[in-house]
Amino acid sequence: MGSTASAKNGTWRNWGGNVSARPAREVTPASVEELAEAVRRAAEDRLPVKAVGTGHSFTSIAATDGVLIRPQLLTGIRDIDRTAGTVTVEAGTPLKRLNVALAREGLSLTNMGDIMEQTVSGAISTGTHGTGRDSASIAAQIRALELVTADGSVLHCSEKENPDVFAAARIGLGALGIVTAVTFAVEPMFLLTAREEPMPFDRVLAEFDELHAENEHFEFYWFPHTGNTNTKRNNRSAGPERPVPPLKGWFEDEFLSNGVFQVANWVGRALPATIPPIAQISSKALSARTYTDISYKVFTSPRRVRFVEMEYAIPREALAGTLKELKAMVDRSPLRVSFPVEVRTAPADDITLSTASGRDSAYIAVHMFRGTPYQAYFTAAERIFTAHEGRPHWGKIHTRDAEYFSGVYPRFAEFTALRDRLDPERRFRNDYLRRVLGA
């Protein structure tokens with residue numbers, strides 16, 4: 001993925017290009033105190049406040065016509081506590097920079113999403129996750145938080161200090177305050193062996209429970225208009241490191257997965273009828289491979305082809321049926337879908353508005369190439385996902401509102417009550433939060 005959102009002529013745009021905003025002013029604080037003062041000044045001017053990271057959300061969760069906080073000066077590691085097994089990091093730190101810094105210290109996060117371009121605060125606030133049998137989202141690895149609340153005060157929370165805030169603020173949607181520092185649980189750096197191989201769609205679904213149970217991290221990509229998938233199994237390894245050779249890695253990850261794929265999508269956007277045959281070819285282009293490397297290098301991949309995305313979490317036991325419905329819908333429709341469908345899992349966690357809150361979950365992500373009409377595809381997919389009590393990713397396109405969320409999140413009222421207490425005047429409001437949380 002690209003590294004940042006854009007700002008031209010006072011207009012902020014997200015990475016996907018589908019969201020823009022014109023803030024009244026922008027602030028780039030160099031300290032927590034400066035950020036708190038910016039919030040207090042916004043209150044005096046009766047302006048809403050939102051913090052924005054690298055713009056990798058496809059929703060307008062960070063958009064504002066008020067004060068836009070850019071946290072790029074709030075970066076770096078504050079503290080490493082090897083006895084407790086934690087690291088405290090400034091919230092504006094990009095995950096890529098955090099991973100590199102941890103590796104230098106011989107440390108690692110337990111799990112990662114599939115990109116590392118986001119800031120720490122952006123990633124946790126929207127519920128960024130990877131795939132895991134036992135290890136959950138990035139937010140589930142949090143041990144403490146520091147945030148600036150609506151009155152400009154600095155609040156600390158953990159399981160022992162303000163535990164009600166901690167339960168919710170780990171995935172706070174930017175509604176409870178502006179996160180300024182995060183304390184993560186970390187562990188000694190470890191290696192993962194990745195095994196990637198093609199597998200027929202029907203076989204993956206038939207053997208999914210077994211594949212999930214036998215691997216620490218299992219995911220797959222289904223190529224619409226085909227019966228083909230590409231699977232990936234990541235498991236811890238004693239080594240030695242055997243990374244993908246540089247030339248092979250460039251050819252497969254950059255030339256094929258990004259360069260050729262970009263051209264294929266340009267062709268497909270101009271000539272939709274070519275998408276099914278292109279899909280048949282591209283679904284067979286990557287051969288099986290196995291490699292061993294530092295964990296974050298295995299968890300993440302370069303994503304340079306721009307797209308828009310919808311992702312829903314459903315009960316894990318509903319995965320096979322839901323995917324069969326999705327495939328049948330695509331097969332019988334005039335839709336032409338050039339991007340693979342991504343499938344991952346996560347164990348249940350205890351975070352109030354986590355998409356995996358209280359239930360083992362499977363994630364199904366649908367994508368469309370940037371600039372291609374996506375509404376018909378996403379609307380049809382969303383109808384299937386919501387029939388299975390799906391919970392949309394907070395940073396990806398969806399049409400759900402507070403009434404819907406109150407039905408699929410048992411602790412939804414707990415979150416909104418906390419929001420009423422911490423931000424009664426809705427200092428951190430915007431149109432997105434008004435829709436998903438209510439007034």
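Every chain begins its residue count from 1, and numbering advances along the sequence as written. Residues qualify for local features only when their pLDDT is at least 70, as the model is predicted, and side-chain atom pairs are given and counted only at 80 or more; totals for whole chains, interfaces and linings, by contrast, use all residues. Excluded from the side-chain calculations are hydrogens and water; all other atoms, namely the structure's heavy atoms, are used.

Draft legend 1. A look at helix α8 (residues 275-282). Looking at α8, one finds that the buried residues are Ile275, Pro276 and Ala279. Down the axis of α8, the smallest arc covering the buried residues is 100°, so these residues share one side. For the exposure calls, accessible area comes from a 1.4 Å probe over protein chains only, and a residue counts as buried if that area is under 20% of its type's maximum, exposed if over 50%, partly exposed in between. Secondary structure is summarised from DSSP: a helix means a run of H or I of at least four residues, a strand means a run of E of at least two, and numbering begins at the N terminus for each. Here, the arc refers to the directions that run from the helix axis to the C-beta atoms.

Draft legend 2. Molecular detail of the nonpolar core. Here, the term nonpolar core denotes a set of buried Ala, Val, Leu, Ile, Met, Phe, Trp, Tyr and Cys residues that are joined through side-chain atoms within 4.5 Å. Counting residues in hydrophobic clusters, the biggest one holds 59 residues, and the most contacted among them are Ile124, Val182, Phe184, Trp394 and Leu437. Pairs of residues are marked as contacts when any of their non-hydrogen atoms sit within 4.5 Å. Sequence-distant contacts of Val182, that is, excluding residues within four places in its chain, are made with Val87, Thr88, Val89, Val120, Ile124, Ile142, Ala144 and Leu145. Listed in part, the 41 residues of the second largest apolar core include Phe58, Val204, Phe307 and Leu326.

Draft legend 3. A look at the sheet that holds strand β16 (residues 228-237). Two strands make a pair as long as DSSP finds a minimum of two bridges between them. Pairing in this open sheet of eight strands is antiparallel, and the strands run β17-β14-β16-β15-β19-β20-β18-β21 from one edge to the other. At either end of the open sheet lies a strand with only one pairing partner, and these are β17 (289-294) and β21 (391-392). Lines fitted to C-alpha atoms define the axes, with helix axes restricted to the stretch in contact, and inter-axis angles between N-to-C directions lie between 0 and 180 degrees. Helix α10 (residues 319-332) contacts β15 (217-222), β18 (307-315), β19 (341-346) and β20 (361-369) of the sheet and is inclined by roughly 20° relative to β20.

Draft legend 4. Spotlight on the packing of α10 against helix α11 (residues 375-387). Close contact between α10 and α11 brings their axes to 10 Å; oriented N to C, the two are set at 150°. If you check the angle between α10 and α11, you find them roughly antiparallel. Every pair of crossing elements has a handedness; the one defined by α10 and α11 is right-handed. Each of Thr322, Glu325, Leu326, Met329 and Val330 in α10 lies in contact with α11, whose residues at this interface are Tyr377, Ala380, Ala381, Ile384 and Phe385. For the contact of α10 with α11, the residue count by class is eight nonpolar, one polar and one charged. Roughly parallel refers to an angle under 35 degrees, roughly antiparallel to one over 145, roughly perpendicular to one between 65 and 115, and oblique to any angle outside these ranges. The handedness criterion is simple: a crossing whose near helix is rotated anticlockwise from the far helix by less than a right angle is left-handed, and one whose near helix is rotated clockwise is right-handed. Note that Gly is not counted as nonpolar here; it falls among the polar residues with everything else outside the nonpolar set of Ala, Val, Leu, Ile, Met, Phe, Trp, Tyr, Cys and Pro and the charged set of Asp, Glu, Lys and Arg.

Draft legend 5. Quick peek at the pattern of salt bridges. Whenever a carboxyl oxygen of Asp or Glu lies within 4 Å of a side-chain nitrogen of Lys or Arg, that contact is scored as a salt bridge. This model, assessed by the stated rule, comprises 30 salt bridges. When the shortest N-O distance is used, the salt bridge between Arg133 and Asp134 registers 2.8 Å. With relative accessibility at 57%, the residue Asp134 sits in the exposed group. Linked through salt bridges whose partners overlap, the residues forming this network are Asp114, Arg303, Glu309, Glu311, Glu342, Arg344 and Lys396.

Draft legend 6. Highlighting the environment of Ile275. Position of Ile275 relative to the elements: it lies in helix α8. You can call Ile275 buried: its relative accessible area is 8%. Measuring from C-alpha to C-alpha, the distance between Ile275 and Ala264 comes to 8.2 Å, with eleven residues separating the pair along the chain. Non-local contacts of Ile275, meaning those with residues more than four positions away in its chain, are made with His225, Gly268, Arg336, Val337 and Ser338.

Draft legend 7. Examining the side chain of Glu311 more closely. Locating Glu311 in the fold gives a position in strand β18. N or O atoms within 3.5 Å of each other form a polar contact, as long as, within protein, one can give a hydrogen and the other can take it, and as long as residues adjacent in sequence are counted only when both atoms are side-chain atoms. Among the polar contacts listed, one links the side chain of Glu311 to the side chain of His129, at a separation of 2.8 Å. The residues touching Glu311, leaving out its near neighbours within four places in the chain, are His129, Arg344, Tyr363, Ile364, Ala365, Arg391, Pro392, His393 and Lys396.

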